[in-house]
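In case you want the letters, here they are:
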Amino acid sequence: MKLVNSNRKIIILGLFVLIGLVFIIRLFTIQIIADRYVLSANNNVLRYITQWPARGLIYDRFGKLLVYNEAAYDLMVTPRQVKTLDTTELCQLIGIEKEDFIERMKKARNYSPYRASLFEAQISRENYGYLEEKIYKFPGFFVQPHPLRKYSFPIAAHTLGYIGEVGPEFILKNTYYRSGDYIGISGIEKSYEELLRGKKGLKIRVVDVFNRDKGSFQNGKYDTTSFSGTDLYSSLDADLQAYGELLMSGKKGSIVAIEPSTGEILCMISSPSYDPNLLVGRARKMNYLKLSEDSVLVPLFNRALMAMYPPGSTFKLVDALVGQQEGVLFPDTRYGCPGGFSLGNGKMVSCHNHWSPLDLRQSIQFSCNTYYCRVFRSIIDKKSFSTTREGFEVWRKHVMSMGFGKKLGVDIPGELNGNIPSSNYYDRYHGKNRWTSMAIISLGIGQGEIGITPVQLANLAALIANRGSYLTPHVIRAIGQKKHLNENYQQNKVSDIDPHYFDIVVAGMHDVVEAGTAASAKIDSIPFCGKTGTAQNPHGKNHSIFVAFAPMNNPKIAISVVVENSGYGATWAAPIASLMIEKYIKRVVKRKDLEQNMINGILLTKSKVVDQ
Amino acid sequence: MREQRGIFQHIDWWVAILFLVLVILGWINIYAAVYDENHSSILDMDARYGKQMIWILASLLLAMVILLIDGKFFSQFAYLFYGICILLLIAVIFSGREISGSKSWFQVGGIALQPAEFAKIGAALAVAKYLGNLDVDIGKTRTLLTLAGILLLPMILVILQHDAGSAIVFVSLIFVFYRAGMSDKLMLLLVAIPLLAVLALGMNKYILLVVMFVSGTVYFLSTRRKIKTLLTIIAIFIASVVYVFSVDYGVNKFLEPHQRTRINVLFGKDIDLKGAGYNVNQSLIAIGSGGFWGKGFLQGTQTKYNFVPEQSTDFIFCTVGEEWGFQGSFLVIALFVTLFFRIIFLAERQRSKFSRLYGYGVASILFLHFAINIGMTLGLVPVIGIPLPFFSYGGSSLWAFTILLFIFIRQDSYRYELL
């Protein structure tokens, strides 16, 4: 019996020890091994309050404010603090239905009864005025500033770009952003995002179970201050941009103007365009959907950087330069034109009426197709080249040195390479080395596989204006208060063509405007140089193209104009370029009739999508 | 004077000091749990820590009085105590005050008294008295039924007050029966019934039955394989099958909704962290975030900013876990286990059977509170609202535990007077 009892004592004591041990093991696992409880405890009491800095402003080249921030307000609600209130009045103030109110309150309560959640986003300044007076009637509701991006003028949408909430995939890649943050999505807003956004600040507050503020965490040891975004000074001329958009109304196409001495883009128009203020705030999603669904006008598409066109006769300038550089073309080289260039198989590249034979300068003035087929052949089939391929590669190298066939490096996202086909391409098409200069003769007059973007075409004008060199075109000329200049855009890029070969080309371009294909575009007070292009394309009527720079001596502006499917270069593109030049140099356009004709020229039917 | 000095000479200072240490640690943690920068004096009588200090002083006074009472008194009047407790339990049902769903409080002046706390003492005394009687044979069914009656009567009355937690505590006195010679088989049965219920709720019932079937078969094969043994095993197995499948029904039928939810929370069937699972989750966060060293006195964010409900009463151990970390929690658990060991040690050296069994009763009651309360804060036991002895805020429970313990200390010191 004694033994049994002592056993029982041990069993009972054993149970005490067992439970004690179970507790200690449990404590060990949750206190020492697991770390999620520490995280949960911090989640309970720490509130991270982000301080969003003001996004940087964007100015035009004359200091006009283009992009700024406008105060807007988010209405927030902390459900637990909401007392009985006049629901109808609140609904009226912010313009929602009672069902919405109930729905949103439910959503907020589900998120957390104690934490503030968004009730109504981006209340405009006017509505905020009414709301602010009455907000005391609605305990639990408060208003939080949340600035909106605003655009002073309804212009340059593609260049300026827009901002929007950062997507979930991007948050995974870049730890700076949190859900709900804004980020530049296109244009300058995107390419200069890191400068414009500034630096977020963080305040850590401690709260109790009722979400009441209990002061800063460890006396603000871990708090960081926010820094405002950097202001940017763009090279755009807001007036010129607006004028260009006006001229392009009702037309598809693009205008790019560059200051030749600096590479600064003066205007960059892609038409049809849209008001950048459409992609701001609450209406952004809906408007974006409308714009992106418009498959006829494709207003979101930035033609200046992303559309590829055959350059047509504007490319004769390039051939004139390459031919001289290769020593197969001289100012007095004359080719007769029997109304076209025979391809030898019964087909021919036709030409228009002009006297014959023409020399180099006249060939530019009258844009003779036969002349440039011959020039092109003379380059490719030069005696010192053993194969067509070798001649073609030399030609291609020269062409690419003038900024074609690859991205120029414009400081706006989305730029395309354009296309200068390689000899491999023709090998694949015709068989290896089974092609001759005759097979690719259309390249000589800017047709065929060749594709260039409007900005590359404007850059060609700048290159000729500079007699052989260019600076990478860019839209931001200075950064921040110190007006720091981006070094990338200060380096001169030199082409393969010796400067003295440009004189005759420039003279020919001057003749184009004075008494050549674009005589209608002549400005009496400004002697300038240009070249028309009429690009055949598979999409319908020819593209009307014009490149120019002005004034002829000491040029201030180099420009390219493309008006899609509108006919001859001289009909639309040349007059528009001429008006733009007058506007930029004189600031006022005196040729009102021409101006009106251009503005009123509606060349496209309205979008079917928009009509619906 | 001589007599009084004698009493203090013979009391067991080990138990007395452990008691004092636990009470003071409890007081410090209550202070931390309800700490408020605006009312930071620990002697502030409006705050719980100020009140607790009064309860502590009063309990010391009670302890002193108990030590001065004649040693025979408690065994002689054991049944009377029990009877008074039962009467109070009945009275409170009719005239008690309801606090948080339980109608189990008497309002006496500014003090709320809970008879259920004191009924535990009555039951421990009555059980010790009954089994201390040398004529009583625990092997007899009549004895067992009487003992069951002694426990069930207060249990039923407490359940009628909607205080199921306190009712469970009476079950702990089964350890006393066991020590007094109750058969191993019966003890096994009494342990198996709740254990099987827990397993049936916590794991897949079919797996459980397969395990039982296999272990039964193995057991039978290891014996002499008599038909009688086989029949017994089959009978037990069938009874278990019926029992296992009726547990759910029992839970749904007899438990109140909030009790059912608490059980579901424990077994992970209900993880509603904003509802029923909130307390346990916040409790685990508090203790778990304490780490090894703890966040430091008054530095517990869970505690200070009131994330843990009932943190000065039932969830007081959270404060220990959060502010004193693993080391402090370990210390508190070690202190309790040491106290239980010391009580058992003292009980075993008693000459009178009454004193010995009463000692076991004291250890059992304190142990069950300890096991359930800390188990609950650690998420090992469903939420059952019973206090942690000497730690939790509250006059009734502190006084009841003090009386419970000091009656035993008095019995232990009385040993010398019997010489």
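The rules behind each value
Residues numbered from 1 in each chain as written. Chains lettered and ligands numbered in written order. Predicted model: local features only at pLDDT ≥ 70, side-chain atom pairs only at ≥ 80, totals over all residues. Heavy atoms only, no water. Core = buried A, V, L, I, M, F, W, Y, C linked by side-chain atoms within 4.5 Å. Buried < 20%, exposed > 50% of the residue type's maximum accessible area, 1.4 Å probe, protein only. Helix = DSSP H or I, 4+ residues; strand = E, 2+ residues; numbered from the N terminus. Domains from an automatic or database assignment. Contact = heavy atoms within 4.5 Å. Buried area = accessible area lost by both parts, 1.4 Å probe. Salt bridge = Lys/Arg side-chain N within 4 Å of Asp/Glu carboxyl O. pLDDT = per-residue confidence, 0-100. Pairing = 2+ DSSP bridges.

(A) Spotlight on the nonpolar core. Residues Trp395 and Met580 of chain A are the most contacted members of the largest nonpolar core, which totals 135 residues. Element by element, the count of residues in this core is highest for helix 18 (residues 454–465) of chain A, at nine residues. Both domain 1 (47–233) and domain 2 (238–274 + 301–611) of chain A contribute no fewer than three residues apiece to this core. Non-local contacts of Trp395 of chain A, meaning those with residues more than four positions away in its chain, are made with Phe315, Asp319, Val322, Phe376, Ile379, Ile380, Ile420 and Leu443 of chain A. Membership of the second largest hydrophobic core comes to 127 residues, among which are Ile24 of chain A together with Met182, Phe391 and Ala400 of chain B.

(B) Inspection of the interface of chain A and chain B at higher detail. Listed per partner, the contact involves 33 residues of chain A and 46 residues of chain B. Buried area between chain A and chain B, both sides added, is near 3,500 Å², and the carbon and sulfur share of it is 75%. On inspection of chain A and its partner chain B, the count reaches one salt bridge. With a shortest N-O distance of 3.2 Å, Arg8 of chain A and Asp184 of chain B are connected by a salt bridge.

(C) Broad picture of unusual backbone geometry. Residue and element names in this part refer to chain A. Cis geometry is found at the peptide bond from Ser271 to Pro272, where omega equals 0°. Among the secondary structure elements, Pro272 is positioned in the loop between strand 14 (264–271) and helix 11 (284–293). We note that Arg467 has phi near 60°; this positive angle belongs to a residue other than glycine. Relative to the elements of secondary structure, Arg467 occurs in the loop between helix 18 and strand 17 (469–471). When its relative accessible area of 25% is taken as the criterion, Arg467 is described as partly exposed.

(D) Summary view of the confidence of the model for chain A. Taken over all residues, the pLDDT of chain A has a mean of 89, while the share at 70 or more is 98%. For the stretch residues 606–612 of chain A, pLDDT sits under 50, and the model shows nine contacts to residues farther than four places along the chain or on other chains.

(E) Structural view of the pairing of strand 5 (residues 117–123) of chain A. Residues and elements named next belong to chain A. Counting buried residues along strand 5, five of its seven residues qualify, which places the element largely inside the surrounding structure. Both strand 4 (residues 73–77) and strand 5 contribute to a ladder of four bridges, which runs antiparallel. Looking at the pairing, Val77 lines up with Ser117 of strand 5.

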